[in-house]
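# Results of the structural survey
Now for the letters of each chain:
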Amino acid sequence: MRMLQGPRHRRGGRRRLPPERWMRGRVERGTAGGGLCYGCKVLKKLDANGEPIRGDREVIPEEAEVVRRIFREFASGKSPEATAADLNTESIPGPLGRAW
């Protein structure tokens, strides 16, 4: 009989929220929507029940300055490719320590 039921019924009637719904909720609460961002690091904290608190980030000042520079250069009309080439020439590490 389970084979004849749709996927919603096979999971006990629970439906997963689409990613944009739970990401939006996190952003509306003032936390990160998901993923690791250049210029920030994940803060690992637990709530009163010992559950992880998700979405808290701390700014890394050196990387945040690189992010500001990228936005300034883009706003002034410089291409992303030219900015990336300059950052690589200056040996400024990109995300995960790799080249831009």
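Residues numbered from 1 in each chain as written. Predicted model: local features only at pLDDT ≥ 70, side-chain atom pairs only at ≥ 80, totals over all residues. Heavy atoms only, no water.

### So, the state of the cysteines
Counted by the stated rule, this structure contains zero disulfides. In this model Cys37 remains outside any disulfide bridge; the closest cysteine sulfur is found in Cys40, 5.6 Å from its own. Cys40 sits in the partly exposed class, given a relative accessible area of 24%. (Disulfide = S-S within 2.5 Å. Buried < 20%, exposed > 50% of the residue type's maximum accessible area, 1.4 Å probe, protein only.)

### Regarding the pattern of salt bridges
This model, assessed by the stated rule, comprises seven salt bridges. Here Glu65 and Arg68 are joined by a salt bridge, their closest N and O atoms 3.1 Å apart. Taken together, the positions of Glu65 and Arg68, both in helix H3 (residues 61–75) and three residues apart, correspond to about one turn of that helix. Its relative accessible area of 37% is what places Glu65 among the partly exposed residues. (Salt bridge = Lys/Arg side-chain N within 4 Å of Asp/Glu carboxyl O. Helix = DSSP H or I, 4+ residues; strand = E, 2+ residues; numbered from the N terminus.)

### A few points about the packing of aromatic side chains
The full count for this structure, using the stated rule, is one aromatic pair. Seen in terms of ring centroids, Tyr38 and Trp100 are 5.0 Å apart; in terms of plane orientation they differ by 75°. Their pairing is edge-to-face. Taken as a pair, Tyr38 in the loop between helix H2 (19–28) and strand S1 (40–42) and Trp100 in the segment after helix H4 (80–89) lie far apart in primary sequence, 62 residues in all. The class for Trp100 is partly exposed, based on a relative accessible area of 31%. (Phe/Tyr/Trp six-rings, centres within 6.5 Å; stacked < 30°, edge-to-face > 60°.)

### A word on H4
Looking only at H4, the buried set comprises Thr83, Ala84 and Leu87. Down the axis of H4, the buried set is contained in an arc of 100°. They therefore lie on one face. For H4, the exposed residues set more than 90 degrees away from the buried face come down to Glu81 and Thr89. Of the surrounding secondary structure, the elements contacted by the buried residues of H4 are H3. After H4 finishes, the residue Ser91 shows a positive phi value of roughly 60°. (Arc of directions from axis to C-beta. Contact = heavy atoms within 4.5 Å.)

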